[in-house]
Amino acid sequence: MMMVMRCNGCRREVRYWAADLLKVLDFFHEAHVPPWPCSRCRTIEFMTMRWLLPSAADLQAGIIVRRPVRQVTKWVWQNEKT
Ligand SMILES: [Zn+2]
């Protein structure tokens, strides 16, 4: 089962495996609510999410699916008065 996240602002569409989203997101309570904003528009306003059950033909043709590779934790720095 796949989830398709589409931004109606820039028409960018990205497919994810639902199982990957379940793994990565702590909560996945509302499957129709996009978990993050569009990487291009930087807004969640135009994002839509829908289920997609890829057909055998789709899978055979090879569709691009975005998958998690590794988690990155970042340090945040700030200036402080001594
Ligand atoms: Zn966009």
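What counts, and at which threshold
Residues numbered from 1 in each chain as written. Predicted model: local features only at pLDDT ≥ 70, side-chain atom pairs only at ≥ 80, totals over all residues. Helix = DSSP H or I, 4+ residues; strand = E, 2+ residues; numbered from the N terminus. Rg over C-alpha atoms; globule rule 2.2 N^0.38 Å. Buried ≥ 20, exposed ≤ 12 C-beta atoms within 10 Å, placed from the backbone. Contact = placed C-beta atoms within 7 Å. Pairing = 2+ DSSP bridges. Axes fitted to C-alpha atoms, helices over the stretch in contact; angles between N-to-C directions.

> Which residues make up the overall build of the protein chain, and what are the values?
The helix and strand inventory of the protein chain stands at two helices and three strands. Along its sequence from the N terminus, the protein chain presents helices and strands in the succession β-β-α-β-α. Its C-alpha atoms give the protein chain a radius of gyration of 16 Å, clearly above 12 Å, the size a compact globule of 82 residues would have. Dimensions along the principal axes, computed over C-alpha positions, put the protein chain at roughly 65 × 25 × 25 Å. Buried residues in the protein chain amount to 5% of all 82 residues. Counted over contacts in the protein chain with a minimum sequence separation of 6, partners at least 24 positions apart contribute 61%.

> Tell me about the environment of P54, and name the residues and values.
Within the secondary structure layout, P54 lies in the loop between strand 3 (47–52) and helix 2 (56–61). Sequence-wise, P54 and W77 are 23 residues apart; in three dimensions their C-alpha atoms are separated by 43 Å. Setting aside residues up to four positions removed in sequence, P54 forms contacts with M2, L59 and I63.

> Account for the pairing of strand 2 (residues 13–17), naming residues and giving values.
Where strand 1 (residues 2–7) lies against strand 2, five bridges are found, and the strand directions are antiparallel. Note that in strand 2 the partner of V4 across the bridge is R15. Between strand 1 and the antiparallel strand that follows it, strand 2, lie five residues; R11 among them carries a positive phi value of about 65 degrees.

> I'd like a description of the sheet that holds strand 2, backed by residues and values.
One open sheet accounts for three strands, arranged 2-1-3; its pairing is antiparallel. The sheet is open, and its two borders are formed by strand 2 and strand 3, each paired with just one other strand. Neighbouring strand axes in the sheet, compared pairwise and without regard to direction, differ in orientation by 25 degrees on average. Relative to strand 3, strand 1 runs antiparallel, the two sharing six bridges. Looking at the pairing, V4 lines up with R50 of strand 3.

> Explain the environment of M47 to me, and be specific about the residues and the numbers.
Take M47: it is sitting in strand 3. Once the C-alpha coordinates of M47 and Q71 are considered, the two residues, 24 residues apart in sequence, prove to be 23 Å apart. Residues within four places of M47 in sequence aside, it is in contact with M5, C7, P34, P37 and C38.

> Residue-level account of unusual backbone geometry, with values.
The phi dihedral of R11 falls on the positive side, at around 65 degrees, and the residue is not glycine. Located in the positive-phi region is R42, a residue other than glycine, with phi close to 60 degrees. Looking at the element boundaries, R42 is found in the loop between helix 1 (18–24) and strand 3.

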